[in-house]
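As a plain string of letters, each chain reads:
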Amino acid sequence: MAFDQEQYIAALKAKLESYHSPISSSSWELIRSIIKFQTVDKGTFVLRYGQIARNIHFICQGALRAYFTDEAGNFYNKNIFLETDLACSTVSLLQNSPSNFTLEALEDCIFINLNYKKYRAFIDQKEDLKNFYIAYLEKNWVLEKEPIEISIVMENATERYLKLLEKHPNIDQRIPQRHLSAHLGITPTQLSRIRKSLK
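Residues numbered from 1 in each chain as written. Predicted model: local features only at pLDDT ≥ 70, side-chain atom pairs only at ≥ 80, totals over all residues. Heavy atoms only, no water.

### Quick word on the side chain of Glu107
Here is step 1 of the chain: Following the sequence through the fold, Glu107 ends up in the loop between strand S7 (102-105) and strand S8 (109-115).
Here is step 2 of the chain: Assessed through its relative accessible area of 18%, Glu107 is described here as buried.
Here is step 3 of the chain: Polar side-chain contacts of Glu107 include one of 2.7 Å to the side chain of Arg174.
Here is step 4 of the chain: Residues in contact with Glu107, not counting those within four places in the same chain, are Val40, Asp41, Lys42, Gly62, Ala63 and Arg174. (Helix = DSSP H or I, 4+ residues; strand = E, 2+ residues; numbered from the N terminus. Buried < 20%, exposed > 50% of the residue type's maximum accessible area, 1.4 Å probe, protein only. Polar contact = N/O pair within 3.5 Å; in protein donor to acceptor, adjacent residues only side chain to side chain. Contact = heavy atoms within 4.5 Å.)

The following block contains the structure:
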């Protein structure tokens, strides 16, 4: 798969800068030094349940889902990741422990992988990278996560679906209905009814 690496590296840099925590040119060069590109086919398991995560994945192109399965074999989508998202098992990276969920490619994907151990070493060396890391955790684990948790309890499925479409307008054309419904915590039949009622 031919692609423009510099275009995707620029997209990663823009993503990092979007957290409003300035990164110096020397720190950016450190991050750039550990960039590894990876292409995967649709259906590939990028990280399996029970596997220890090693990388942070920046999605240049494609879609991923993070899911876990119960004892009866039912799956639940924890998250869906699209272009410019950073995907990983954060707990697995932080604790060097087996992942509690699986990351699967829902489309053919191009990633930039950042080795977490090397990245963590940079954080210990560079104050600006430490500040960025704090800003990243605050945004993704507090500012964005709390409204999602409240939404699950306080909003109905139609409202959650409309919010998802607002954030990702074409997601319903890219992601199979069974995965979208699992992400919303409803059945495919319920999602089908919601779609019909909105037409």
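### Considerations on empty space enclosed by the protein
Here is step 1 of the chain: In total, this model carries two cavities of 30 Å³ or more according to the counting rule given.
Here is step 2 of the chain: Of the volumes computed, that of the largest cavity is approximately 180 Å³.
Here is step 3 of the chain: Residue assignment for the lining of the largest cavity shows that the elements contributing at least two residues are helix H1 (5-17), helix H3 (90-95), helix H4 (116-125) and helix H5 (127-143).
Here is step 4 of the chain: Residue contributions to the lining of the largest cavity peak at four residues, all from H5.
Here is step 5 of the chain: Its volume calculated, the second largest cavity comes out at about 40 Å³.
Here is step 6 of the chain: Forming the boundary of the second largest cavity are Lys13, Leu16, Glu17, Ile23 and Trp28. (1 Å grid on protein atoms, 1.4 Å probe; cavity = no way out; pocket = protein on both sides within 12 Å on 5 of 7 lines; lining within 4 Å. Points joined across faces, edges and corners; volume = space filled by probe spheres on them.)

### Remarks on the sheet that holds strand S6 (residues 86-87)
Here is step 1 of the chain: Taken together, the four strands give an open sheet; going across it, the order is S1-S8-S3-S6, and neighbouring strands pair in antiparallel fashion. Strands with a single pairing partner mark the edges of an open sheet, and in this sheet they are strand S1 (35-40) and S6.
Here is step 2 of the chain: Pairing of strand S3 (residues 55-61) with S8, which is carried by six bridges, proceeds in the antiparallel orientation. Among the inter-strand pairings, His57 is bridged to a residue of S8, identified as Asn113. (Pairing = 2+ DSSP bridges.)

### Some points on the packing of aromatic side chains
Here is step 1 of the chain: Going through the model one piece at a time under the given rule, you end up with eight aromatic pairs.
Here is step 2 of the chain: For the pair Tyr19 and Tyr136, a centre-to-centre distance of 5.6 Å together with 65° between the ring planes defines the contact as edge-to-face. Within this pair, whereas Tyr19 is found in the loop between H1 and helix H2 (25-33), its partner Tyr136 is found in helix H5, the two being separated by 117 residues in sequence.
Here is step 3 of the chain: With relative accessibility at 12%, the residue Tyr136 sits in the buried group.
Here is step 4 of the chain: Both rings, one in Tyr119 and one in Tyr133, keep their centres 6.1 Å apart while their planes meet at 75°; by these two values the pair is edge-to-face. Note that Tyr119 is positioned in helix H4 and Tyr133 in helix H5, a separation of 14 residues in sequence.
Here is step 5 of the chain: Note on Tyr133: relative accessible area 10%, which makes it buried.
Here is step 6 of the chain: What links up through ring pairs into an aromatic cluster is the set Phe3, Tyr8 and Phe37.
Here is step 7 of the chain: Positioned over the ring face of Trp28 is Lys13, at 5.9 Å from the centre of the ring. (Phe/Tyr/Trp six-rings, centres within 6.5 Å; stacked < 30°, edge-to-face > 60°. Lys NZ or Arg CZ within 6 Å of the ring centre and 35° of its normal.)

### Let's talk about the environment of Glu159
Here is step 1 of the chain: Within the fold, Glu159 resides in helix H7 (residues 157-167).
Here is step 2 of the chain: Residues Glu159 and Thr102, 57 residues apart in the sequence, show an inter-C-alpha distance of 27 Å.

### Things to note about the pattern of salt bridges
Here is step 1 of the chain: Scanning the model with the defined rule gives five salt bridges in all.
Here is step 2 of the chain: A salt bridge links Arg65 to Glu104, with the nearest nitrogen and oxygen atoms 2.8 Å apart. In this pair, Arg65 is assigned in strand S4 (residues 64-69) and Glu104 in strand S7, connecting sequence segments 39 residues apart.
Here is step 3 of the chain: By sharing partners, the salt bridges in this structure join Glu83, Glu107 and Arg174 into a single network. (Salt bridge = Lys/Arg side-chain N within 4 Å of Asp/Glu carboxyl O.)

Limitation: the analysis is restricted to geometry and does not speak to function.
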